[in-house]
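Descriptive structure summary
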Amino acid sequence: DSQADAKRAVGHAAAALVEDGMTLGLGTGSTTAFAIEAIGRRVRDEGLDVRGVPTSYAAERLARESGVPVVTLDEIGLDTLPTSRSPLDLALDGADEVGPALGLIKGRGAAHVREKVVASLAARFVVLVDASKEVERLGTQAPVPVEVLPFAEPAVARALRGLGAEATLRMGEKKDGPVVTDQGLWVLDARFDGIDDPAGLDVAIDGIPGVLGHGLFVGLATDVLVGGGEQVRHVVQ
Ligand code: DER
């Protein structure tokens, strides 16, 4: 179908950005999956010398299956790298919404906490989307996922309501009860009726006691690759 074709085209365009010797951030989701598979083919066919830090069990398993070498943050030597140097050369990841100034909503796959850590360590953070993810205003089509301590869930839900959201605990589809993240925590999906001040909301949600992280990514993306039909549009911040 055309959406899969758009995601595949974006994934291949992203894989072409990877250079020999790079340390990558490997994102989660169906669009980035195409990029990880394409990078694996370049490793196999060209002997591309890369390694990637995965943002979830899903991304790690796919990278291993695709032949992309996987490393942990420990193994890339953050303890010795000068703090002026970005530990990751390029992070590739998807998004649920791309809004003004490349503001993002991520976390449909509940991987947003590790994704934000990895994105924050990258010299370049390229977001991979099909055109359906582009919005005029953040928060109009996707909720902001908030990873929470189960103990604190009722209190965090209440605080999110205080910020104007409807907060819904994310329940499993093939698991009874709440979705459990790679960290063993729960996810509240906070649906706002549009977000006027993403930067302010970013800080406000992180300030709620019991919140581990949320899917509003402000000021992190440097580029976005948008797939639509046959062509891929490249937008730089
Ligand atoms: O969960 C995530 O953050 C994913 O990156 C998600 O936002 C995009 O997944 P998709 O490429 O399957 O739409």
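Residues numbered from 1 in each chain as written. Predicted model: local features only at pLDDT ≥ 70, side-chain atom pairs only at ≥ 80, totals over all residues. Heavy atoms only, no water.

1. Quick look at the UniProt feature "active site" (unreviewed entry) in the protein chain
The residues that UniProt annotates with the feature "active site" (unreviewed entry) are Glu 115. Mapping Glu 115 onto the fold places it in helix 4 (residues 112–120). In contact with Glu 115, not counting residues within four places along its chain, are Thr 28, Thr 55, Asp 93, Lys 106, Gly 107 and Phe 217. (UniProt positions renumbered as here; feature names shortened; annotations may be inferred. Helix = DSSP H or I, 4+ residues; strand = E, 2+ residues; numbered from the N terminus. Contact = heavy atoms within 4.5 Å.)

2. Structural notes on the layout of surface pockets
In this structure, the largest pocket encloses a volume near 270 Å³. Lining the largest pocket we find 13 residues, and of these Ala 58, Gly 109, Ala 110, Ala 111 and Asp 182 sit closest to its centre. Tallied by class, the residues present in the lining of the largest pocket amount to 6 nonpolar, 4 polar and 3 charged. Taken as a whole, the second largest pocket encloses approximately 190 Å³ of empty space. Taken together, 13 residues line the second largest pocket, and the ones lying closest to its centre are Val 53, Pro 54, Val 71, Thr 72 and Arg 114. Mapped onto the lining of the second largest pocket, the elements with two or more residues apiece are strand 2 (51–54), helix 3 (57–66) and helix 4. Per-element accounting of the lining of the second largest pocket gives the leading share, 3 residues, to helix 4. For the lining of the second largest pocket, the per-class residue count stands at 7 nonpolar, 2 polar and 4 charged. (1 Å grid on protein atoms, 1.4 Å probe; cavity = no way out; pocket = protein on both sides within 12 Å on 5 of 7 lines; lining within 4 Å. Points joined across faces, edges and corners; volume = space filled by probe spheres on them. Nonpolar A, V, L, I, M, F, W, Y, C, P; charged D, E, K, R; others polar.)

3. Considering the packing of helix 2 (residues 30–46) against helix 3
Taken N-terminus to C-terminus, the directions of helix 2 and helix 3 make an angle of 30°; their axes are 8 Å apart at the nearest point. Relative to helix 3, the element helix 2 lies roughly parallel. For the pair helix 2 and helix 3, the crossing hand works out as right-handed. Touching Ala 33, Ile 36, Glu 37 and Gly 40 of helix 2 are Leu 62, Ala 63 and Ser 66, all from helix 3. Of the residues in the contact of helix 2 with helix 3, the class split is 4 nonpolar, 2 polar and 1 charged. (Axes fitted to C-alpha atoms, helices over the stretch in contact; angles between N-to-C directions. Parallel < 35°, antiparallel > 145°, perpendicular 65-115°, else oblique. Left-handed = near helix turned anticlockwise from the far one by under 90°.)

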